[in-house]
Amino acid sequence: QVQLVESGGGLVQAGGSLRLSCADSGRTFGSSIMGWFRQAPGKEREFVAAISRAGFSRSYADTVKGRFTISRDNAKKTLYLQMNSLKPEDTAVYFCARDQVPFRNALVDAVFGSWGQGTQVTVSS
């Protein structure tokens, strides 16, 4: 069954912004650490950002720190990724994912799974 659905991707010029959303139809969204990942053509999937269950703790890859912001709305069971100052190297398919162990506290301990289908982000120079 489909549980995570990403949206909001598209084509944008360098320096522009996009806001990705991830809707969760499962039952454990509010109980789980959530994360964003991306995969560029010919490259491995890489971590982008993660957020704790209540949203008080966040972590980012160095490549996006200061430009991207992860957030969540537990009432709407939706995860967001605000992407500003986009660069051509941000071009990738972006995926959201859920920690496989609910009620975990430390972001570094998260083991992500339950991947969505991804949304394409293309940044032109």
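Above this note sits the structure.
Let me sum up the structure you'll find in this document. On a predicted model such as this, the values are computed, not experimentally measured, just so you know.

1. Focus: the nonpolar core
Here's step 1: By size, the foremost hydrophobic cluster in this structure holds 25 residues, and its most contacted members are Trp 36, Val 48, Phe 68, Leu 79, Leu 81, Met 83 and Tyr 94.
Here's step 2: Sorting the residues of this core by element identifies β3 (18-24), β4 (34-39), β5 (46-51), β7 (68-73), β8 (78-83), β9 (92-99) and β11 (119-124) as the ones contributing at least two each.
Here's step 3: Here Val 48 is in contact with Trp 36, Phe 37, Arg 38, Ser 59, Tyr 60, Ala 61, Val 64, Phe 68, Leu 81 and Tyr 94, once residues within four sequence places are set aside.
Here's step 4: Core analysis: the second largest hydrophobic core is formed by seven residues, Phe 37, Ala 97, Ala 110 and Phe 112 among them.

2. Observations concerning the pairing of β5
Here's step 1: Where β4 and β5 come together, five bridges link them in antiparallel fashion. Looking at the pairing, Trp 36 lines up with Ala 49 of β5.
Here's step 2: The loop that links β4 with its antiparallel partner β5 comprises six residues; one of these, Gly 42, has a positive phi angle of about 75 degrees.
Here's step 3: Taken together, the three bridges between β5 and strand β6 (residues 58-60) define a ladder with antiparallel strand orientation.

3. Remarks on the sheet that holds strand β1 (residues 4-7)
Here's step 1: A sheet is described by the order of its strands in space; here four strands give the open sequence β1-β3-β8-β7, paired in antiparallel fashion. Every interior strand has two partners, whereas the edge strands, β1 and β7, have only one. Each neighbouring strand pair of the sheet contributes to a mean axis angle of 15 degrees, computed without reference to strand direction.
Here's step 2: Inspection of the sheet shows β1 paired to β3 by four bridges, in the antiparallel sense. Bridged to Leu 4 within β3 is Asp 24.

Conventions and cut-offs
- Residues numbered from 1 in each chain as written.
- Predicted model: local features only at pLDDT ≥ 70, side-chain atom pairs only at ≥ 80, totals over all residues.
- Heavy atoms only, no water.
- Core = buried A, V, L, I, M, F, W, Y, C linked by side-chain atoms within 4.5 Å.
- Buried < 20%, exposed > 50% of the residue type's maximum accessible area, 1.4 Å probe, protein only.
- Helix = DSSP H or I, 4+ residues; strand = E, 2+ residues; numbered from the N terminus.
- Contact = heavy atoms within 4.5 Å.
- Pairing = 2+ DSSP bridges.
- Axes fitted to C-alpha atoms, helices over the stretch in contact; angles between N-to-C directions.

Scope: geometric values only; no functional claims are made or implied.
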